[in-house]
Amino acid sequence: MVSGVLHVLIGVIAFQLAFGESGEADQGGAISQLAAQPAGYALIWIGACACLALGLWEASGVVFGYRHAPARKRLGRKLAAAGRAIVFFALAASFASFALGNRKDSGESTSDASAQVMQMPGGPLLLVAVGAGIAIAGIVFAAKGVMRSFTKQLDLPAARLPRQAAVVLGAVGYVAKGIALFLLGLLFIVATLQANPEESTGLDGALKSVRAQPFGPYALAFIGIGLGCYGAYLVFKSRLAKMD
């Protein structure tokens with residue numbers, strides 16, 4: 001549910017950016033929005049604890065899970081769980097860091113980290129690999145949305161309206177999330193090939209680069225709506241996910 005709220009907030013910020021308003025369309029901007037609400041810091045610490053718990057849940061799947069999965073699929077599922085665990089641990093760290101007073105711009109943090117990696121032996125190749133991995137993840141997300149394969153993860157309700165709502169929100173959300181991830185990965189690759197790590201500004205930079213293109217505001221508005229749909233889908237998923 002916390003991840004869903006973050007995606008809704010990022011979607012709202014992206015939609016506002018499409019029409020000329022300012023803001024950071026990434027997790028840092030979303031966390032800032034939460035902090036501005038009544039009892040904002042309580043919400044941030046709840047978010048940190050929730051993401052830490054979900055990271056531990058996914059990590060437990062790497063060690064104890066998928067024992068009944070076919071051997072040829074077991075390793076892939078464990079690696080996917082490990083990736084999700086890293087993502088949620090990073091989200092928990094972002095929440096806690098913000099609550100403790102570290103409010104450095106997330107785009108700046110990403111570009112600083114990219115610059116440091118680029119100075120390492122093999123660093124440019126590593127950044128290209130990271131960008132390619134993110135772009136491929138975006139393609140996988142979009143494909144899940146188009147094919148609606150995400151429904152395999154859910155125990156869909158029998159009632160027609162909630163069932164259709166979960167499927168539609170998931171389909172639109174997965175496609176929009178996939179587009180955003182693909183753009184983010186492409187930004188990493190281009191910035192690395194141009195030896196310009198300052199351009200690796202994370203999700204916020206990727207979405208703002210969309211706005212600068214012809215018909216960009218309309219595309220960004222769609223992505224914003226889609227990310228909001230993905231956030232709403234995650235709220236559904238918190239109730240409907242298969243716990244295997």
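This text goes with the structure placed above it.
What you see is a predicted model, and the numbers here were worked out from it, not measured in a lab.

### Details of the packing of helix α7 (residues 160–193) against helix α9 (residues 216–240)
So, step 1. Packing of α7 against α9 leaves a shortest axis separation of 7 Å and a crossing angle of 130°. Accordingly, the angle class assigned to the pair α7 and α9 is oblique. The interaxial crossing formed by α7 with α9 has left-handed handedness.
So, step 2. Class assignment of the residues belonging to the contact of α7 with α9 gives a composition of 19 nonpolar, three polar and one charged.

### Things to note about a nonpolar patch on the surface
So, step 1. A cluster of nonpolar residues, I139, F182, L186 and V190, forms a patch on the protein surface that exposes about 320 Å² of accessible area.
So, step 2. Of the residues forming the nonpolar patch, the biggest block, three residues, is contributed by α7.
So, step 3. Looking at where F182 falls in the secondary structure, it is placed in helix α7.

### Observations regarding the pattern of salt bridges
So, step 1. Evaluation of the coordinates by the stated rule reveals one salt bridge.
So, step 2. With a closest N to O distance of 3.2 Å, E58 and R84 form a salt bridge. Taken together, the residues E58 in helix α3 (residues 40–64) and R84 in helix α4 (residues 71–99) connect sequence positions 26 residues apart.
So, step 3. Classification of R84 by relative accessible area gives partly exposed; the value is 34%.

### Considerations on the nonpolar core
So, step 1. Counting residues in each nonpolar core, the largest one holds 26 residues, and the members touching the most others are L6, I31, I44, F95, L207, L220 and I223.
So, step 2. Dropping the residues within four chain positions of it, L6 is found in contact with A30, I31, L34, L91 and F95.
So, step 3. F150, A166, Y230 and L240 belong to the second largest nonpolar core, which has 11 residues in total.

### Thoughts on the packing of helix α2 (residues 27–35) against α3
So, step 1. Where α2 contacts α3, the two axes come as close as 7 Å, and the packing angle between them is 135°. By the angle between their directions, the pair α2 and α3 is classed as oblique. Contacts from I31, L34 and A35 in α2 reach G40, L43 and I44 in α3.
So, step 2. For the contact of α2 with α3, the class distribution of residues is five nonpolar, one polar and no charged.

### So, a positive patch on the surface
So, step 1. A surface patch of positive charge is lined by R72, K73, R77 and K152.
So, step 2. With respect to the helices, strands and loops of the structure, K73 is situated in helix α4.
So, step 3. In this structure K73 comes out as partly exposed when scored by relative accessible area, which is 36%.

### Considerations on the packing of aromatic side chains
So, step 1. This model, assessed by the stated rule, comprises eight aromatic pairs.
So, step 2. Measuring from ring centre to ring centre gives 5.6 Å for Y174 and Y233, while their planes differ by 65°; the resulting arrangement is edge-to-face. You can see Y174 sitting in helix α7 and its partner Y233 sitting in helix α9, a full 59 residues away along the chain. With respect to burial, Y174 and Y233 carry one shared label: buried.

### Looking at the environment of L234
So, step 1. In this structure, L234 sits in helix α9.
So, step 2. For L234, a relative accessible area of 12% corresponds to the buried category.
So, step 3. C-alpha separation for the pair L234 and H7, spaced 227 residues apart in sequence, amounts to 8.8 Å.
So, step 4. Residues within four places of L234 in sequence aside, it is in contact with S3, G4 and H7.

### Comments concerning α3
So, step 1. Taking 1.5 Å of rise per residue, 25 residues should cover 36 Å, and α3 covers 36 Å from first to last C-alpha, within 8% of that figure.
So, step 2. Considered for burial, the residues of α3 that qualify are G40, I44, G47, A48, C51, G55, E58 and G61.
So, step 3. Structurally, α3 contributes buried residues whose contacts are with α1 (2–18), α2 and α4.
So, step 4. Within two residues after α3, Y66 carries a phi angle of roughly 60°, on the positive side.

Basis of the calculations
Residues numbered from 1 in each chain as written. Predicted model: local features only at pLDDT ≥ 70, side-chain atom pairs only at ≥ 80, totals over all residues. Heavy atoms only, no water. Axes fitted to C-alpha atoms, helices over the stretch in contact; angles between N-to-C directions. Helix = DSSP H or I, 4+ residues; strand = E, 2+ residues; numbered from the N terminus. Parallel < 35°, antiparallel > 145°, perpendicular 65-115°, else oblique. Left-handed = near helix turned anticlockwise from the far one by under 90°. Nonpolar A, V, L, I, M, F, W, Y, C, P; charged D, E, K, R; others polar. Patch = residues over 30% accessible without salt bridge, like charges linked within 9 Å, V, L, I, M, F, W, Y side chains within 5 Å. Areas by Shrake-Rupley, 256 points an atom, 1.4 Å probe, with all protein chains shown as cover. Salt bridge = Lys/Arg side-chain N within 4 Å of Asp/Glu carboxyl O. Buried < 20%, exposed > 50% of the residue type's maximum accessible area, 1.4 Å probe, protein only. Core = buried A, V, L, I, M, F, W, Y, C linked by side-chain atoms within 4.5 Å. Contact = heavy atoms within 4.5 Å. Lys, Arg positive; Asp, Glu negative; His and termini not counted. Charge placed at Lys NZ, Arg CZ, Asp CG, Glu CD. Phe/Tyr/Trp six-rings, centres within 6.5 Å; stacked < 30°, edge-to-face > 60°. Expected span 1.5 Å × (residues − 1).

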